[in-house]
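# Structural description and commentary
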Amino acid sequence: MNTFPAATARYESPGSSVRKVVELVDGCKGLSGASRVFIKPNIVFWSRTVPFPKWGVITTSRVVEDVVSLLAEHGVTDITIGEGTVVFDPKDMETARHAHETLGYGVLGQRYGVKSVNVFERPFVPVDLGDGTVLNFNRDALESDFVVSIPVLKTHAQTVVSLGIKNIKGLIDIPSRKKCHSADPVKDLNFMVARLADKLPPSLTVLDGIYTTERGPAYDGTVRRSNLLVASRDMLSADKVGARLLGYEPGDIPHLAHAARNRNRPVDLSDVEALGERVEELAQPHAYAFEYTEDGSLPLLLAQMGIKGVSFPKYDLSLCTYCSSLTGVTLASIARAWRGQPWDNVEILTGKIKTPTPGKKTVLIGKCLYEAHKNHPDIERMITVKTCPPMPKLIVKALHEAGIEIDPTALLNLDKAPGHAMGKYKNRPEFDEAFFRVS
């Protein structure tokens, strides 16, 4: 059986720690001055308005800079950093520019000639991933000679973990991302994600676990200073090791199990040549999902507050990024609106596959659910948010119409909402903003 080297190490110091883990797997082997390299960090979210917890959410500039430095040592001069950060206004290109500049990519440009691109400003090309699946990928990455995926080592509320393969989702266009969140019970999110790396050029994956996130992928999870790094020239092997570090068997991660079967490989670590430090000694179990009531009708925290008369069923795999980014803020607004009196039998549905409950006041959030249920006979009273993505002001209007008088402030100021999460990390020196700067 062929084996695939994957190295694990503790992060201890700038430069040397990333060098150690990459050199253990010959990560830059074959690269030269003629190589075109595309680096894919993870910038899942950005705000131009307020500081927010980047730790465990966004790839550290520390690891990006260390990777760029190693590439430069091998003579590589054609380096592009690219990401497709989701913003609510499709015309908003300034947020991505602000993110790249704040994270120091401009400094890397001056120092090493690195280019940074917002993939939504670049061409996409269709790629046939087999089984009738065609998605549109960023052309810069596809036409490079080598791709370096640098995701954060974190869990994910839908895919359990978000690592090297999942990170590639940031290279596809918005229609393709929506297609990944299909209502098809077979070709679901895990089916799609498993194929995302199949047609990439040769690659190196470096999992950035200086900070890790429990109940990720965004700032509402809980961040740890974990000081972990993983590297492999095989993305699936890196992800298998990453899953174990987060406390999961790779075979229990649906998209990793799909990916292993697609490659005729075992779902466990039996074909991974483990280098560096022992994974078992570094593993730290991380929960991936927020707890819900036994029937899945309401987050447990809201139920424990005694909230009654409203259900907000647990998200499923069909909930796309746009809608999911609104869910936490909406739930927090509902919690703050609770005054001890039960609401009037309201259910709030999201995603593509939820079905209405007869006799309830049903709020359908998003165009997908509206189109699916606009003529549904069981809906006693339908309240809709028909836009894609759902407009926050229409969510406020819909909840008010349902009798839930939320304060609109958070939903109407989404760019400011993440700033409130900074309080969890205040005066904790291990959470250092310097990791997101290039000096």
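To be clear, the structure that these remarks concern was listed above.
Now for a look at the structure at hand. (Residues numbered from 1 in each chain as written. Predicted model: local features only at pLDDT ≥ 70, side-chain atom pairs only at ≥ 80, totals over all residues. Heavy atoms only, no water.)

Our next topic: the overall build of the chain. When helices and strands are tallied, the chain shows 16 helices and 16 strands. In summary, the chain has a C-alpha radius of gyration of 22 Å against a globular reference of 22 Å for 439 residues, a match within 12%. Seen along its three principal axes, the alpha-carbon backbone of the chain occupies a region of about 65 × 45 × 45 Å. A burial count over the chain gives 55% of its 439 residues as buried. Put simply, the chain shows about 17,900 Å² of open surface, and 50% of that area lies on carbon and sulfur atoms. Charge centroids of the chain, computed over 53 positive and 51 negative side chains, lie 4 Å from each other. (Helix = DSSP H or I, 4+ residues; strand = E, 2+ residues; numbered from the N terminus. Rg over C-alpha atoms; globule rule 2.2 N^0.38 Å. Buried < 20%, exposed > 50% of the residue type's maximum accessible area, 1.4 Å probe, protein only. Areas by Shrake-Rupley, 256 points an atom, 1.4 Å probe, with all protein chains shown as cover. Lys, Arg positive; Asp, Glu negative; His and termini not counted. Charge placed at Lys NZ, Arg CZ, Asp CG, Glu CD.)

Right, let's talk about the pattern of salt bridges for a bit. Overall, the coordinates contain 30 salt bridges when judged by the stated rule. The partner of Asp140 in a salt bridge is Arg122, and the shortest N-O contact between them spans 2.9 Å. Taken together, the residues span a long stretch of sequence, with Asp140 in helix α5 (residues 139-142) and Arg122 in the loop between β4 (115-118) and β5 (124-128) at a distance of 18 residues. Taking the relative accessible area as the measure of exposure, Arg122 reaches 35% and is therefore partly exposed. Each of Arg244, Glu249, Arg278, Glu280 and Glu281 takes part in one network of salt bridges that share partners. (Salt bridge = Lys/Arg side-chain N within 4 Å of Asp/Glu carboxyl O.)

As a further point, take the nonpolar core. Of all hydrophobic cores here, the largest spans 85 residues; its most connected members are Val22, Ile39, Val67, Leu71, Ile334, Ile348 and Ile404. At 7 residues, helix α13 (residues 321-337) tops the list of elements feeding residues into this core. When sequence neighbours within four positions are dropped, the list of residues in contact with Ile404 reads Val310, Ile334, Ala337, Trp343, Val346, Ile348 and Leu399. In this structure, Ala141, Leu228, Leu236 and Val279 belong to the second largest nonpolar core, which totals 46 residues. (Core = buried A, V, L, I, M, F, W, Y, C linked by side-chain atoms within 4.5 Å. Contact = heavy atoms within 4.5 Å.)

The next point concerns the side chain of Thr212. With respect to the secondary-structure elements, Thr212 resides in strand β10 (residues 203-214). Reaching out from Thr212, the side chain makes a polar contact with the side chain of His286 at a distance of 2.8 Å. Residue contacts for Thr212: discarding those within four places in its chain leaves Gly56, Leu153, Thr222, Val223, Arg224, Ser226 and His286. (Polar contact = N/O pair within 3.5 Å; in protein donor to acceptor, adjacent residues only side chain to side chain.)

The next subject is the state of the cysteines. Evaluated as defined, the whole model comprises 0 disulfides. Summary of cysteine pairing: Cys180 is not part of a disulfide, and the nearest cysteine sulfur, belonging to Cys320, is at 11 Å. By relative accessible area, Cys180 is classed as buried at 0%. The cysteine Cys323 is free of any disulfide, with Cys320 supplying the nearest cysteine sulfur at 4.6 Å. We classify Cys323 as buried; its relative accessible area is 14%. (Disulfide = S-S within 2.5 Å.)

Okay, the environment of Leu163 next. Position of Leu163 relative to the elements: it lies in the loop between β9 (160-162) and α6 (164-167). Remark: the alpha-carbon pair of Leu163 and Ala238, spanning 75 residues in sequence, is separated by 8.2 Å. When neighbours within four sequence positions are excluded, Leu163 is seen to be in contact with Pro151, Val152, Leu153, Lys154, Leu207, Asp239, Gly242, Ala243 and Leu246.

The 4 strands are arranged β13-β14-β15-β16 in an open sheet whose pairing can be described as parallel. Across the chains shown, the open sheet's two edge strands, defined by having one partner strand only, are β13 (310-311) and β16 (381-385). Taken together, the 4 bridges between strand β14 (residues 346-349) and strand β15 (residues 361-365) define a ladder with parallel strand orientation. Bridge pairing in β15 places Leu349 opposite Leu364. Sheet strands touched by helix α15 (residues 392-401): β14, β15 and β16. Its angle to β16, the strand with the most contacts, is close to 165°. (Pairing = 2+ DSSP bridges. Axes fitted to C-alpha atoms, helices over the stretch in contact; angles between N-to-C directions.)

As a packed pair, helix α2 (residues 61-73) and helix α4 (residues 105-112) sit with axes 11 Å apart at the nearest point and diverge in direction by 15°. In terms of orientation, α2 lies roughly parallel with respect to α4. Regarding α2 and α4, the two cross each other, and that crossing is right-handed. Counted together, Val64, Glu65, Val68, Ser69 and Ala72 of α2 and Tyr105, Leu108, Arg111 and Tyr112 of α4 form the full contact between these two elements. Residue classes in the contact of α2 with α4 are distributed as 6 nonpolar, 1 polar and 2 charged. (Parallel < 35°, antiparallel > 145°, perpendicular 65-115°, else oblique. Left-handed = near helix turned anticlockwise from the far one by under 90°. Nonpolar A, V, L, I, M, F, W, Y, C, P; charged D, E, K, R; others polar.)

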